[in-house]
Amino acid sequence: MRDRILQIISEQVNRDVEDLDPKMNFVDDLNMDSIELVELIMSIEDEFEIELDEDKLEDLHTIGDVLELAEEYDQ
């Protein structure tokens, strides 16, 4: 799941997976706006047929945050 999420993020921000770091902030480091972040979350939900907890979505600021939240669903 982790590798696929990194692939989805890399496709959305037009960067190689190898260039992504879990500490990267979506806004500050990847220049994403709120619409792009929503699109990213929707892509992840569609890919894995899950629905991420909306209460936790506002706490997603870094790649690591998304990976950590997704791990909760990968069990």
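One can find the structure itself at the top, above this paragraph.
Residues numbered from 1 in each chain as written. Predicted model: local features only at pLDDT ≥ 70, side-chain atom pairs only at ≥ 80, totals over all residues. Heavy atoms only, no water.

## Examining unusual backbone geometry
Then step 1. The phi dihedral of Asn-14 falls on the positive side, at around 55 degrees, and the residue is not glycine.
Then step 2. Judged by its relative accessible area of 70%, Asn-14 falls in the exposed class.
Then step 3. Positive phi, close to 50 degrees, is recorded for Glu-49, a residue that is not glycine.
Then step 4. Residue position: Glu-49 is located in the loop between helix H2 (34-48) and helix H3 (54-57). (Buried < 20%, exposed > 50% of the residue type's maximum accessible area, 1.4 Å probe, protein only. Helix = DSSP H or I, 4+ residues; strand = E, 2+ residues; numbered from the N terminus.)

## Comments concerning the nonpolar core
Then step 1. With 22 residues, the main nonpolar core has Ile-9, Leu-20, Phe-26, Leu-30, Leu-40 and Ile-63 as its most contacted residues.
Then step 2. Those residues in contact with Ile-63 that lie beyond four places of it in its chain are Leu-6, Ile-9, Leu-20, Asp-21, Pro-22, Met-24, Phe-26 and Leu-30. (Core = buried A, V, L, I, M, F, W, Y, C linked by side-chain atoms within 4.5 Å. Contact = heavy atoms within 4.5 Å.)

## Remarks on the pattern of salt bridges
Then step 1. On inspection of all chains with the given rule, the structure shows 3 salt bridges.
Then step 2. Two residues, Arg-4 and Glu-11, come together in a salt bridge whose shortest N-O distance is 3.8 Å.
Then step 3. Overall, the relative accessible area of 30% leaves Arg-4 in the partly exposed class.
Then step 4. Glu-47 is paired through a salt bridge with Arg-4; the nearest N and O atoms lie 3.2 Å apart. Of this pair, Glu-47 sits in helix H2 while Arg-4 sits in helix H1 (residues 2-13), and the two are 43 residues apart along the sequence.
Then step 5. Given a relative accessible area of 39%, Glu-47 falls into the partly exposed group.
Then step 6. Here the residues in one salt-bridge network are Arg-4, Glu-11 and Glu-47, joined through shared partners. (Salt bridge = Lys/Arg side-chain N within 4 Å of Asp/Glu carboxyl O.)

Read these as spatial facts, not as claims about activity.
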